[in-house]
Amino acid sequence: MDSQVLVALALSLVGGLSTSIGAIFVILNPTPNLKMLGLLQGFAAGLMLSISFLDLAHNAINSIGFLKGNLWFFAGVIFFAVVANFIPEPTLAPVTNRKDKKKNGDEGGKDIMKKHRRQVLFSGIVTAIGISLHNFPEGMAVFLGSMKGLRVGLNLALAIALHNIPEGVAVALPVYFATQSKWQAFKLATLSGFAEPLGVIIVAYLFPSSLSPEILEGLLGSVGGVMAFLTLHEMLPLAFDYAGQKQAIKAVFLGMAFMSASLYFLEISLPKDLSL
């Protein structure tokens, strides 16, 4: 169990710290290419859909039966729907605020500029807190996937990592605008990603060291429901907004094809005791 926790921690660190990549995008270019972010979000959505329906939900139904598999799946959907209702996914709205700031600076004095900077900084901090709370169940998902096998955990971590890059942009952009500090923007975006390994650590001590195969498959079916809801409720709308519907759909199917290929190659290349 200790080795599984270490593997899950390493994978969740990769996924969580990908928010740092988003911060680097902001530091190098304070006005990010939203179309590229939309395509990246669409690609990650394709990865998530493949994992959810073709791997996690499929295996749960085959292992514990159609009814139980679907009950676990939709329990995951309801769980994350409740989370999303109280902690909505942040967007890149501060980009437009940056343009408004220039107008305000031209028209009306330093007081307005300072007030606007404080408002944008507050929005960045709130965004970081929201993303941290969002990332916590993602860390739990990586842990449960790693308990099933390295293949499942690796694919979940990859999809979540790509999803987290725009989240890093959403945190770093308002902080960089408000403070003009590259370090503060990078630091806050990076810290928001640490919720994922924290989720691994907490759930590792909550779950018993020997879960029954039926419970594990059910929990992974619930993870599939979480991933499906996250994709359809949050990732696809952002991809449509930033990249346009046609380009986003292409990115989604490219992501699905990529994940299907990776599932196959991991299945044939990993040792059998790791590719369960």
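Cut-offs and rules
- Residues numbered from 1 in each chain as written.
- Predicted model: local features only at pLDDT ≥ 70, side-chain atom pairs only at ≥ 80, totals over all residues.
- Heavy atoms only, no water.
- Phe/Tyr/Trp six-rings, centres within 6.5 Å; stacked < 30°, edge-to-face > 60°.
- Buried < 20%, exposed > 50% of the residue type's maximum accessible area, 1.4 Å probe, protein only.
- Salt bridge = Lys/Arg side-chain N within 4 Å of Asp/Glu carboxyl O.
- Helix = DSSP H or I, 4+ residues; strand = E, 2+ residues; numbered from the N terminus.
- 1 Å grid on protein atoms, 1.4 Å probe; cavity = no way out; pocket = protein on both sides within 12 Å on 5 of 7 lines; lining within 4 Å.
- Points joined across faces, edges and corners; volume = space filled by probe spheres on them.
- Expected span 1.5 Å × (residues − 1).
- Arc of directions from axis to C-beta.
- UniProt positions renumbered as here; feature names shortened; annotations may be inferred.

## A word on the packing of aromatic side chains
Then, number 1: Under the defined criterion, the tally for this structure stands at five aromatic pairs.
Then, number 2: Arranged with centres 5.2 Å apart and planes meeting at 85°, the rings of Phe73 and Phe74 form a pair that is edge-to-face.
Then, number 3: A residue is classified by how much of its surface remains accessible, and Phe73, at 9% relative accessible area, is buried.

## Observations regarding the pattern of salt bridges
Then, number 1: Summed over all chains, the structure comprises one salt bridge.
Then, number 2: Across the salt bridge formed by Lys68 and Glu214, the nearest N and O atoms sit 3.0 Å from each other. One end of the pair, Lys68, is in helix α4 (residues 66-86); the other, Glu214, is in helix α10 (residues 213-243), and 146 residues separate them in sequence.
Then, number 3: Relative accessible area serves as the criterion here: at 42%, Lys68 is assigned to the partly exposed category.
Then, number 4: The partly exposed category is assigned to Glu214, whose relative accessible area is 40%.

## Description of the layout of surface pockets
Then, number 1: The calculated volume of the largest pocket comes to roughly 190 Å³.
Then, number 2: Of all the elements in the fold, those that place two or more residues in the lining of the largest pocket are α4, α6 (110-148) and α10.
Then, number 3: Broken down by element, the lining of the largest pocket gets its largest block of residues, five residues, from α10.

## A look at empty space enclosed by the protein
Then, number 1: A full pass over the atoms with the stated rule returns two cavities of 30 Å³ or more.
Then, number 2: Of the pockets and cavities examined, the second largest cavity occupies roughly 30 Å³.
Then, number 3: In terms of lining, the second largest cavity is formed by Asp55, Leu56, Asn59, Lys148, Val152, Glu217 and Leu220.
Then, number 4: Put simply, the parts of the chain that give the lining of the second largest cavity at least two residues each are α3 (34-64) and α10.
Then, number 5: With three residues, α3 is the single largest residue contributor to the lining of the second largest cavity.

## Here we look at helix α8 (residues 182-193)
One full turn of an α-helix is made of 3.6 residues, so residues set three or four places apart face in the same direction.
Then, number 1: With 12 residues, α8 should cover 16 Å at 1.5 Å per step; its first-to-last C-alpha distance of 17 Å lies within 8% of that length.
Then, number 2: Within α8, the full set of buried residues consists of Ala185, Ala189, Thr190, Ser192 and Gly193. Relative to the axis of α8, the buried residues are bounded by an arc of 160° and lie together on one face.

## Examining the UniProt feature "transmembrane region" (unreviewed entry) in the protein
Then, number 1: In this numbering, the UniProt entry assigns the feature "transmembrane region" (unreviewed entry) to residues 6-28, 37-57, 69-88, 120-136, 156-176, 188-207, 219-236 and 248-266.
Then, number 2: The span residues 156-176 is 100% helical and 0% strand by assignment, and the distance between its end C-alpha atoms comes to 30 Å.
Then, number 3: Segment residues 188-207 splits into 90% helix and 0% strand. End C-alpha atoms: 30 Å apart.

## Regarding unusual backbone geometry
Then, number 1: Unusually for a residue other than glycine, Gln180 sits at a positive phi of about 60°.
Then, number 2: Relative to the elements of secondary structure, Gln180 occurs in the loop between α7 (150-179) and α8.
Then, number 3: We classify Gln180 as exposed; its relative accessible area is 51%.

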